[in-house]
Amino acid sequence: DAKTTQPPSMDCAEGRAANLPCNHSTISGNEYVYWYRQIHSQGPQYIIHGLKNNETNEMASLIITEDRKSSTLILPHATLRDTAVYYCIVRNFGNEKLTFGTGTRLTIIP
Amino acid sequence: DTAVSQTPKYLVTQMGNDKSIKCEQNLGHDTMYWYKQDSKKFLKIMFSYNNKELIINETVPNRFSPKSPDKAHLNLHINSLELGDSAVYFCASTRQGSYEQYFGPGTRLTVT
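Thresholds, definitions, all that
Residues numbered from 1 in each chain as written. Chains lettered and ligands numbered in written order. Predicted model: local features only at pLDDT ≥ 70, side-chain atom pairs only at ≥ 80, totals over all residues. Heavy atoms only, no water. Phe/Tyr/Trp six-rings, centres within 6.5 Å; stacked < 30°, edge-to-face > 60°. Helix = DSSP H or I, 4+ residues; strand = E, 2+ residues; numbered from the N terminus. Buried < 20%, exposed > 50% of the residue type's maximum accessible area, 1.4 Å probe, protein only. Pairing = 2+ DSSP bridges. Axes fitted to C-alpha atoms, helices over the stretch in contact; angles between N-to-C directions. Salt bridge = Lys/Arg side-chain N within 4 Å of Asp/Glu carboxyl O. Contact = heavy atoms within 4.5 Å. Disulfide = S-S within 2.5 Å.

1. Some thoughts on the packing of aromatic side chains
How two aromatic rings sit relative to each other is set out by the distance from centre to centre and by the angle between their planes.
In step 1: Here the structure, examined in full by the defined rule, presents ten aromatic pairs over all chains.
In step 2: Plain terms: the ring middles of Y36 of chain A and F103 of chain B are 6.2 Å apart, the flat faces sit at 80° to each other, and that makes the pair edge-to-face. Placement of Y36 of chain A in strand β3 (residues 31-38) and of F103 of chain B in strand β10 (residues 102-103) is noted, with the two residues assigned to different chains.
In step 3: Pairing F64 of chain B with Y89 of chain B gives two aromatic rings, centres 6.4 Å apart and planes at 35°, and the pair type is tilted. Of this pair, F64 of chain B sits in strand β7 (residues 64-70) while Y89 of chain B sits in strand β9 (residues 87-94); the two residues are 25 residues apart in sequence, bridging distant segments of the chain.
In step 4: Of the residues examined, F64 of chain B reaches a relative accessible area of 6% and is grouped as buried.
In step 5: For Y89 of chain B, a relative accessible area of 0% puts it in the buried group.
In step 6: Here the aromatic cluster, defined as three or more aromatic residues joined through ring pairs, consists of Y36, Y46, Y87 and F100 of chain A together with Y33, Y35 and F103 of chain B.

Given below as structure tokens:
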């Protein structure tokens with residue numbers, strides 16, 4: 001699986017959009033981009049995934065650049081409960097493994 | 001309803017002991033995993049079972065032995081516990097072909 005690079009930490013004001021970047025310049029054509037988050041002391045939670053098109057669900061939006069070398073996770077109206085470590089993971093669909101990096105620690109400021 | 005549950009939530013034990021952690025999922029999934037999260041918060045996969053068969057073993061010491069009595073359960077037995085085994089262990093499950101893994105709440109193991 002391709003390697004990902006994320007900033008170690010970010011802050012965002014409550015109620016604003018949180019934009020979390022991820023670089024995956026070595027991504028191959030059949031690899032998906034996944035996002036998970038881990039709220040303190042809990043198990044990781046799936047957020048969203050995409051291949052090349054932008055995706056949106058009830059939790060977030062995922063914007064993937066046209067060359068697929070980077071992506072951005074957007075939490076449109078961040079709340080205090082969104083404070084967590086966010087992991088960007090690149091995975092081949094046929095690969096059962098999730099390889100977690102160091103993630104971005106997002107802190108929502110009241 | 002708890003989707004993926006683990007017992008116990010906390011486990012404190014001495015070096016050299018043998019202990020087990022249990023995991024159960026009520027989602028009807030056919031693939032289950034064990035992950036280890038160490039003190040530096042790195043989360044790494046240890047094992048994966050599909051329909052009670054081992055399909056991933058990430059060079060984990062053979063003191064760790066997963067056991068899957070049925071599709072809904074994946075237990076982790078650890079022999080001769082060492083200080084370095086102290087970590088949070090997460091169980092997860094997924095339906096084959098699904099994009100999403102569901103994680104349990106974790107078991108914090110402390111070896112003294």
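2. Observations concerning the sheet that holds strand β3 (residues 19-25) of chain B
All names here are of chain B.
In step 1: Pairing is antiparallel in the open sheet, where four strands are placed in the order β1-β3-β8-β7. Two strands close off the open sheet at either side, each with one partner strand: β1 (4-7) and β7. When the angles between neighbouring strand axes are averaged without regard to direction, this sheet yields 20°.
In step 2: Pairing between β3 and strand β8 (residues 73-78): four bridges, direction antiparallel. What sits directly across from S20, in β8, is H77.

3. Digging into the pattern of salt bridges
Residues and elements named next belong to chain A.
In step 1: Under the defined criterion, the tally for this structure stands at three salt bridges over all chains.
In step 2: A salt bridge links D82 to R37; the nearest nitrogen and oxygen atoms lie 2.8 Å apart. One end of the pair, D82, is in the loop between β7 (70-75) and β8 (84-92); the other, R37, is in strand β3, and 45 residues separate them in sequence. Each member of the pair, D82 as well as R37, is classed as buried.

4. Focus: the environment of N79 of chain B
Residue and element names in this part refer to chain B.
In step 1: By secondary structure assignment, the location of N79 is in the loop between β8 and β9.
In step 2: Overall, the relative accessible area of 29% leaves N79 in the partly exposed class.
In step 3: Taking the C-alpha atoms as reference points, N79 and F103, 24 residues apart in sequence, are found 24 Å from one another.
In step 4: When near neighbours in sequence (up to four residues on either side) are disregarded, N79 contacts N17, D18 and R63.

5. Things to note about the state of the cysteines
In step 1: What the rule picks out here adds up to two disulfides over all chains.
In step 2: Across a sulfur-sulfur distance of 2.1 Å, C22 of chain A and C88 of chain A are joined as a disulfide pair. When the S-S torsion is -80°, as for the bridge of C22 of chain A with C88 of chain A, the disulfide is left-handed. Of this pair, C22 of chain A sits in strand β2 (residues 18-23) while C88 of chain A sits in strand β8, and the two are 66 residues apart along the sequence. Assigned by exposure class, C22 of chain A and C88 of chain A land together as buried.
In step 3: Disulfide pairing places C23 of chain B opposite C91 of chain B at an S-S distance of 1.9 Å. Torsion about the S-S bond of the C23 of chain B and C91 of chain B cystine: about -75°, corresponding to left-handed handedness. Pair noted here: C23 of chain B is in strand β3 and C91 of chain B is in strand β9, with a separation of 68 residues, a long-range link. Both residues of the pair, C23 of chain B and C91 of chain B, belong to the buried class.
In step 4: With no disulfide of its own, C12 of chain A lies closest to C22 of chain A among cysteine sulfurs, the gap being 18 Å.

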